[in-house]
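What the coordinates show
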Amino acid sequence: MESPPLNSVLTYLTRPRAVQDVRGVALAEELADLGRAGTGTIVLLSRAASALAGSYRFDVALRIGRSMGIAALVLGGPGLPDVTPTAAALADRAGIAILATGEDVDLAELAIAIARELAGGADAALMRAHTAMRAALAHPAGGTPEALALHAGTALGRPIALVQAAPSDAPWALVRRCGHSDRWVTAARPSDGDLALAVDLVLAIVAAETAQALDHVEQIEERPITSRTEVLSELLAVAPEHRDASAYRARELGVPIDGFHVAARLEFEELADRPKGADTVEAFAEHQAVARAVLGEVSANGGVWHLARSGSASILIRMSPDDPGATASTIVADQMDVVLRHVRTRGSTTLIRCGVGAAHPGVSGLFSSAAEARAATSTARTTRQTNGAVPFDGGGLRRSLVEWYTSYTAQDAMSSVLAPLVELGGARAERLIQTLHVYLDHQGSLTQTAAALNLHRNAVAYRVNQIFALLEVDPDSADDRLLLQLACRAREMAT
């Protein structure tokens, strides 16, 4: 009844509570022929025999069918009489299904089709697989993955389900998606043979189409999220003189940037640790998928959350209209701890470092909390803490420094003082700025700088000479060296 060649030509008139397996098929010209039918047979009645379905003789035939172990009777022809309540009750007790077929259906062809399905040969398996493939490929772009599985399973003759864990006792196919795979399609295990091969083929096709359907649904759901992510990422990266315009666009998208903000920064170590030749684009997509999963889970726990990007890192921002208090950083860090542990159990191999800033109001507060989250992430890195959250230690001088690093004054100093190096562009600029930063943090020690950068002392000396030749500062001036060090730190906070 579930197979494609039969489900369009057979319908139930009565269906017993306990059904029997069908083992064979037979034709019966008269009701008396039921006495020669074998156990588990589906018997196709001629038009003349079907016309007696409303009579006492049909009740007698059902009793004979019960004694023979018949599985089902198929009535055919025009103007079939209604099955009487007595006949329906007898059929239920006997476990006999009473079916009907169209008056234009040739019984011999129907018998051949049933026999072919029972035999489970290659031609029947191929027909089912082809029909299921057509059903999967015809799935509309806006349809749900569950509907896709339903339609393909109906065409296959075996229900297909979308599950979140690979079954151990049934065939399955993994739904492979860019960045993550957390769904499987499965069907009831058929007997060995051609039909089992057909099920494997169909599951592979359905899995591929399900991946596209899930991506389509996700794109529709994330379109508003993506727009807000883009404008927040732009706001955090834009030059100070353009912040007002970015803030206006954020308000237009409904982002409550004038309230209080707590930022949590996620840095993914694998982008740098992957072996040579690895697909960094795929790695980036995987890390973004992890960030979206974290966003979904913390949002489900309450509060208004938004996502932004800062280079290869992701920043999750909890926004609220009222001051959440001095404990907000610790509370958010605890939430992130739980969520990151959960995300890790779903198969991600990425090492995640997380830092959480304190709560600050307004647009400037967004920058302050993001900078504190970056500083806390640096602490996580130096203390080798992974896959957990580190709240910002906001006491005294440290908070004052972070606030200064994110101020307009610091940004202007960074732009003007480091401009000769930045203008070199590319890897050379980054290499020289990093060398200057480390050199100044180590109080001008070439030996310690060389050790920190894993370079020869002479290489460091050569770079330092290059740097001070490009910069318009006095290398012997304590004030100039302090300004350069603050500019380097401000630049680190801004990137």
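Residues numbered from 1 in each chain as written. Predicted model: local features only at pLDDT ≥ 70, side-chain atom pairs only at ≥ 80, totals over all residues. Heavy atoms only, no water.

**Observations regarding the overall build of the chain**
Scanning the chain from N- to C-terminus turns up 20 helices and 14 strands. For the chain, the residues scored as buried account for 45% of the 495 residues in total. Taking the contacts inside the chain whose residues are at least 6 apart along the sequence as the reference set, 68% of them involve residues at least 24 apart. (Helix = DSSP H or I, 4+ residues; strand = E, 2+ residues; numbered from the N terminus. Buried < 20%, exposed > 50% of the residue type's maximum accessible area, 1.4 Å probe, protein only. Contact = heavy atoms within 4.5 Å.)

**Examining the sheet that holds strand 2 (residues 24-28)**
Strands pair in a sheet through their backbones, by hydrogen bonds, and they do so in one of two ways: parallel or antiparallel. The mixed open sheet is built from five strands, whose spatial order is 1-5-4-3-2. Only two strands of the sheet have a single neighbouring strand rather than two, namely strand 1 (10-14) and strand 2. The average angle at which neighbouring strand axes cross in this sheet is 30°, direction not considered. As judged from the three bridges shared by strand 3 (residues 41-45) and strand 4 (residues 72-75), these two strands associate in the parallel manner. Bridge pairing links Val 43 to Leu 73 in strand 4. Set on the sheet, helix 3 (residues 56-68) makes contact with strand 3, strand 4 and strand 5 (97-101); between it and strand 4 the angle comes to about 150°. (Pairing = 2+ DSSP bridges. Axes fitted to C-alpha atoms, helices over the stretch in contact; angles between N-to-C directions.)

**Some details on the side chain of Thr 449**
Examined against the element boundaries, Thr 449 turns out to sit in helix 18 (residues 446-453). Here Thr 449 falls in the buried class, since its relative accessible area comes to 0%. Every residue in contact with Thr 449, bar those within four places of it in the chain, is listed here: Thr 435, Val 438, Tyr 439, His 442 and Val 460.

**Looking at the pattern of salt bridges**
For the coordinates displayed, the defined rule picks out five salt bridges. Ionic pairing is found between Arg 265 and Glu 267, a salt bridge with its closest N-O pair at 2.7 Å. We classify Arg 265 as buried; its relative accessible area is 5%. (Salt bridge = Lys/Arg side-chain N within 4 Å of Asp/Glu carboxyl O.)

**Quick look at the packing of aromatic side chains**
Under the criterion given, the structure shown has one aromatic pair. Between Tyr 439 and Phe 468 the ring centres are 6.5 Å apart and the planes differ by 70°, which places this aromatic pair in the edge-to-face class. Of this pair, Tyr 439 sits in helix 17 (residues 426-441) while Phe 468 sits in helix 19 (residues 457-470), placing them 29 residues apart in sequence. Residue Tyr 439 shares its accessibility class with Phe 468, and that shared class is buried. (Phe/Tyr/Trp six-rings, centres within 6.5 Å; stacked < 30°, edge-to-face > 60°.)

**Here we look at the nonpolar core**
Grouped together as the largest cluster of nonpolar side chains are 24 residues, with contacts concentrated most on Leu 266, Val 294, Val 298, Leu 316, Met 336, Cys 354 and Val 356. Mapped by element, the contributors of at least two residues to this core are strand 9 (260-268), helix 11 (280-300), strand 10 (304-310), helix 12 (328-345) and strand 12 (352-356). Non-local contacts of Val 294, meaning those with residues more than four positions away in its chain, are made with Leu 266, Leu 316, Met 336, Val 339, Leu 340 and Val 343. Core analysis: the next-biggest nonpolar cluster, separate from the first, contains 23 residues, Ala 129, Ala 152, Ala 207 and Leu 214 among them. (Core = buried A, V, L, I, M, F, W, Y, C linked by side-chain atoms within 4.5 Å.)

**Some points on the packing of helix 17 against helix 19**
The N-to-C vectors of helix 17 and helix 19 enclose an angle of 100°; their axes lie 10 Å apart at closest approach. As summarised for this structure, helix 17 and helix 19 are arranged roughly perpendicular, according to the angle between their axes. Judged by residue contacts, Arg 428, Arg 431, Leu 432, Thr 435, Leu 436 and Tyr 439 of helix 17 engage Arg 463, Val 464, Gln 466, Ile 467, Phe 468 and Leu 470 from helix 19. Within the contact of helix 17 with helix 19, the residues separate by chemical class into seven nonpolar, two polar and three charged. (Parallel < 35°, antiparallel > 145°, perpendicular 65-115°, else oblique. Nonpolar A, V, L, I, M, F, W, Y, C, P; charged D, E, K, R; others polar.)

**Thoughts on the environment of Gly 444**
Along the chain, Gly 444 falls in the loop between helix 17 and helix 18. Sequence-wise, Gly 444 and Arg 481 are 37 residues apart; in three dimensions their C-alpha atoms are separated by 9.4 Å.

**Describing the pairing of strand 10**
Burial analysis of strand 10 places five of its seven residues in the buried class, which makes it a mostly covered element. Hairpin connection, strand 10 to strand 11 (residues 313-320): the antiparallel pair is bridged by two residues, and Gly 311 has positive phi, about 65°.

**Some details on unusual backbone geometry**
With phi around 55°, Gln 443 is a residue other than glycine that occupies positive phi space. Here Gln 443 is to be found in the loop between helix 17 and helix 18. For Asn 454, which is not glycine, the phi torsion reads 60° and is therefore positive. Tracing the sequence through the fold places Asn 454 in the loop between helix 18 and helix 19.

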